[in-house]
Amino acid sequence: MLPDGFWRVIRIGLVGLVLAATVAGLLIGDAWLWVAVEWAPPAYAGFAGREGFGTPTVVALLVAAPVKAAFLWLILRAPARGPLDRREKALRGLLYLAVADGLVLWYPIALLPDAVDAAFQLALWAAIDVLFLLVIRWRSGMLRAAAGAMFAVELVVMTDELLDDLDLPELGAGGNVVPILMLGGVAGILITVIGQWRDGRWSRGTLTAGWLSVGVYALVLPLDILLDMIHTDGLAVSVLMEAVTLVSTVWIAATAREMPKEDRLADLPPARQRAIRVAVAAVAVLPVIAQIHPEQAAHLTHTGWSMDCYDRPSFGDLKPEEREAAFLCLARSRDGGVPPIFPDSLSDQGVLSYARALCRAKDRDEQTAILTRAGSARPAWGADPWDLVYVCPEIIGATHPELLRSTAEKKAASDAYLAERNASCRDPWPRTKGVVQATATYFLFADGDAGYLVHDPGDPAAGEAAERATDKVYDDSAGIGVARSAVLIGHVEDVIDLCLTVKALRTAPPRRTAGWDQVNEVPIVSRSGRLTVPEMGDGEVGAGAPMPNLAIAGKGRYRLRVYVRVGEAGEEHLVVVFPGASRKRVELKRWTAR
């Protein structure tokens, strides 16, 4: 074991370093101040160095610095000397590992996948909880059993977090379980402190730190949820909360430090033992009783703030028993700041009852009347079939069978549709083979789109070039906007899609204009060795098939010749790309209005 003098030097050095770094950070800048007080990079708080912190955050950091320095002074006290058995040595080592995690290890662990952090915390605290049960002299079988039950609840919470990070089904069933589990964690700390008090090894200061950690834990969780609900970053409050919660680390360190003490208390009188049993039973049972509501109260499985309601699953991917829960999520969702369909004051049963009435409504006016009776914040909007399908698939599916599909079925239908649309387009120059080429349907926005890009996606200024090309297309008589590494080619008719063929040739092809309504040639630059057309992917616009890299000669200047015609099959474009240093625009054939 290290000598006490070594610990004294470490304490003085680290606490002095924290205070000195705080003063330096106040003088140098906000980024340094954050690092000095929070012991983490400024980016961890989403901090932007250019804008800096507001006055409340700076004040909070200056207040938190001496508080954390005082806590650090208490944490770094030298461990008490004395004999320890095998279990006590293991518990002391794990407690000091938890202290190190709370002070410094949390950041490198946070850089790893969330599942790694969750697995580490679960393994660490499972071992600590088991050793607490074995090492602490509880002096009561009932107290030890209650502690074991509360520890089990704590581990259920951590297991749930691990399953969530692994995208596996969670143990929790509904929103009411979360408050119970939180209260169970508070009760677990409370019972542990009671056990330490009855054991007699730990000092009054350690027990006080334990009681304070219970109060802080019970206060921080609701405050954190409140800040999330009112949509505020609460950075100043978060800084103070993080500083105060360090009292829990003080308690853990003190518990490990005083492990060897042998001055145990004598057994308590029978009357006091009975009082302890009653208190322990109340701590274990009251969190559950607090969640029991009157029968007439609203039963809420999911609210607008439920964390598991952000995804919209496909109907076909859900089991029958999961569909109503999916609708309850959608019905109370406030995603994007949009008012929910039904208020949180309406029970699950009431929501589902009104939803079934909406399924049977004859028109939008009847839906509006139903939503008005339900107290909806948006009655005039009605209800959409893609929401109601989770409640009444037999009604919605009769008129919208596509809403009953699974994710795999949707993808298969989309792929078949794209294949059919692409097959309707033909290569207008079948005898002229390009080094690379492709023919596909290019889909535009239904409400109007300027056209499609031929661009270099690897250009660092690709976004800026695309914007300039879009601006220029409206002022160009041929409807072609040129901006170095991006060319936006507009459509000549009011269409939502067109047939597009792209070819890359090593030399300029003959100037064939017969059969085409418009032919233009413009310059384009490839800075990264790529030129291509955006593909549809998961969006609503783009080419319906993979597009090749048209920059077949690598980086450099190219010529881009655009052929356009409109016929019975719709609008058709042919884009030919070939190396060329000329920067001139050439009009080979001008569009003549019909």
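Above: the structure in question.
What you see is a predicted model; the values in this text were computed from it and never measured.

Criteria and cut-off values
Residues numbered from 1 in each chain as written. Predicted model: local features only at pLDDT ≥ 70, side-chain atom pairs only at ≥ 80, totals over all residues. Heavy atoms only, no water. Helix = DSSP H or I, 4+ residues; strand = E, 2+ residues; numbered from the N terminus. Buried < 20%, exposed > 50% of the residue type's maximum accessible area, 1.4 Å probe, protein only. Contact = heavy atoms within 4.5 Å. Areas by Shrake-Rupley, 256 points an atom, 1.4 Å probe, with all protein chains shown as cover. Pairing = 2+ DSSP bridges. Axes fitted to C-alpha atoms, helices over the stretch in contact; angles between N-to-C directions. Phe/Tyr/Trp six-rings, centres within 6.5 Å; stacked < 30°, edge-to-face > 60°. Lys NZ or Arg CZ within 6 Å of the ring centre and 35° of its normal. Disulfide = S-S within 2.5 Å. Parallel < 35°, antiparallel > 145°, perpendicular 65-115°, else oblique. Left-handed = near helix turned anticlockwise from the far one by under 90°. Nonpolar A, V, L, I, M, F, W, Y, C, P; charged D, E, K, R; others polar. Lys, Arg positive; Asp, Glu negative; His and termini not counted. Salt bridge = Lys/Arg side-chain N within 4 Å of Asp/Glu carboxyl O. Patch = residues over 30% accessible without salt bridge, like charges linked within 9 Å, V, L, I, M, F, W, Y side chains within 5 Å. Charge placed at Lys NZ, Arg CZ, Asp CG, Glu CD. Polar contact = N/O pair within 3.5 Å; in protein donor to acceptor, adjacent residues only side chain to side chain. Core = buried A, V, L, I, M, F, W, Y, C linked by side-chain atoms within 4.5 Å.

Here we come to the overall build of the protein chain. A count of helices and strands for the protein chain gives 18 helices and ten strands. Every one of the 594 residues in the protein chain was classed for burial, and the buried ones make up 43%. For the protein chain, restricting intrachain contacts to residue pairs at least 6 apart in sequence, the fraction spanning at least 24 positions comes to 74%. As displayed, the protein chain offers around 30700 Å² of accessible surface, 60% of which is attributable to carbon and sulfur atoms.

Turning our attention to the environment of Arg8. Looking at the element boundaries, Arg8 is found in helix α1 (residues 4–28). As for Arg8 and Ala78, which are separated by 70 residues in sequence, their C-alpha atoms are 7.7 Å apart.

Time to look at the sheet that holds strand β2 (residues 451–455). Read across the sheet, three strands follow the order β2-β4-β3 without closing on themselves; strand pairing throughout is antiparallel. The strands lining the two open edges of the sheet, one partner per strand, are β2 and β3 (480–483). Strand after strand, the sheet turns through a mean of 15° between neighbouring axes, direction not considered. When β3 meets strand β4 (residues 486–490), the two strands line up antiparallel, connected through four bridges. Along β4, the bridge assignment pairs Ala483 with Ala486. Lying over the sheet, helix α18 (residues 462–473) contacts β2, β3 and β4, oriented at roughly 145° with respect to β3.

Quick look at the packing of aromatic side chains now. Under the counting rule described, the total for this entry stands at seven aromatic pairs. Ring geometry for Trp516 against Tyr563: centres 5.4 Å apart, planes inclined by 55°, an arrangement best described as tilted. With a gap of 47 residues between them, Trp516 in the loop between β5 (497–504) and β6 (518–526) and Tyr563 in strand β8 (residues 556–567) connect regions that are remote in the sequence. An aromatic cluster is present here, built from Trp429, Trp516 and Tyr563 joined pairwise through their rings. Over the aromatic face of Trp39 sits the side chain of Lys68, whose NZ or CZ is 4.1 Å from the ring centroid. Cation over ring: Arg565 sits above Trp516, and NZ or CZ is 4.1 Å from the ring centre.

What follows deals with the state of the cysteines. Considering all chains together, one arrives at two disulfides under this definition. With a sulfur-sulfur separation of 1.7 Å, Cys359 is cross-linked through a disulfide to Cys392. Residues Cys359 and Cys392 are joined by a disulfide whose S-S torsion is about -75°; by sign, that bridge is left-handed. Linking Cys359 in helix α13 (residues 348–360) with Cys392 in the loop between α15 (385–388) and α16 (393–399), this pair joins segments that are 33 residues apart in sequence. Residue Cys359 shares its accessibility class with Cys392, and that shared class is buried.

A sheet is described by the order of its strands in space; here seven strands give the open sequence β7-β1-β5-β9-β8-β6-β10, paired in mixed fashion. One side of each edge strand has no neighbouring strand; the edge strands of this open sheet are β7 (542–543) and β10 (586–589). Taken together, the nine bridges between β6 and β8 define a ladder with antiparallel strand orientation. Each residue of the ladder has a partner; that of Asn520, found in β8, is Val562.

Direction vectors running N to C along helix α4 (residues 86–110) and helix α5 (residues 114–135) enclose 155°, while the axes themselves pass 10 Å from each other. When the axis of α4 is compared with that of α5, the two are roughly antiparallel. Read as a crossing pair, α4 and α5 show a hand that is left-handed. Of α5, the residues touching α4 (which contributes Arg87, Glu88, Ala90, Leu91, Leu94, Leu95, Leu97, Ala98, Asp101 and Ile109) are Asp117, Phe120, Gln121, Leu124, Trp125, Ala127, Ile128, Leu131, Phe132, Leu134 and Val135. Partitioning the contact of α4 with α5 into residue classes produces 16 nonpolar, one polar and four charged.

Moving on to the side chain of Asp129. With respect to the element layout, Asp129 can be found in helix α5. Buried and unpaired, Asp129 has Arg144 as its nearest opposite-charge partner, separated by 13 Å. Excluding its chain neighbours within four sequence positions, the residues that come into contact with Asp129 are Phe151, Glu154 and Leu155.

Let us look at a negative patch on the surface. Together, Asp114, Glu161, Asp164, Asp165 and Asp167 make up a negatively charged patch on the protein surface. The element contributing the most residues to the negative patch is helix α6 (residues 141–165), with three residues. Note on placement: Asp165 falls in helix α6.

Successive side chains on a regular strand alternate, one facing one side of the sheet and the next facing the other. Of all the ten residues making up strand β9 (residues 570–579), eight are buried; the element is thus mostly covered by neighbouring parts of the structure. Here six bridges tie β5 to β9, and the two strands are oriented parallel to one another. The residue of β9 that forms the bridge with Val502 is Val575. As judged from the ten bridges shared by β8 and β9, these two strands associate in the antiparallel manner. Across the sheet, Arg559 pairs through a bridge with Phe578, a residue of β9. Where β8 hands over to β9, the hairpin turn is made up of two residues, counted between the paired strands.

The subject of this paragraph is the side chain of Ser314. Secondary-structure assignment places Ser314 in the loop between α11 (270–289) and α12 (320–332). A distance of 3.1 Å separates the side chain of Ser314 from the side chain of Thr407, its partner in a polar contact. Those residues in contact with Ser314, other than ones at most four positions away along the chain, are Tyr390, Arg405, Ser406, Thr407 and Lys410.

In this section: the packing of α5 against α6. As a packed pair, α5 and α6 sit with axes 9 Å apart at the nearest point and diverge in direction by 170°. On the basis of the axis angle, α5 is roughly antiparallel to α6. Where α5 approaches α6, its residues Asp114, Ala115, Ala118, Ala119, Gln121, Leu122, Trp125, Ala126, Asp129, Phe132, Leu133 and Leu134 are matched on the opposing element by Arg144, Ala147, Gly148, Phe151, Glu154, Leu155, Met158, Thr159, Glu161, Leu162 and Asp165. Of the residues belonging to the contact of α5 with α6, the class tally is 14 nonpolar, three polar and six charged.

Turning our eyes to something else, we now look at the pairing of β5. With eight of eight residues buried, β5 is to be regarded as a mostly interior element. Bridge count between strand β1 (residues 436–443) and β5: eight bridges; the pairing is antiparallel. Across the sheet, Tyr442 pairs through a bridge with Leu498, a residue of β5.

For the rest of this paragraph, the subject is the nonpolar core. Leu91, Leu95 and Ile128 are the most contacted members of the largest nonpolar core, which totals 52 residues. Counting only elements with at least two residues in this core, the list comes to α1, α3 (55–75), α4, α5, α6, α7 (177–199), α8 (204–229) and α10 (246–257). What Leu91 contacts, discounting residues up to four positions off in sequence, is Ile128, Leu131, Phe132, Val135 and Met259. Grouped together as the second largest cluster of nonpolar side chains are 30 residues, Leu444, Tyr452, Ala478 and Val562 included.

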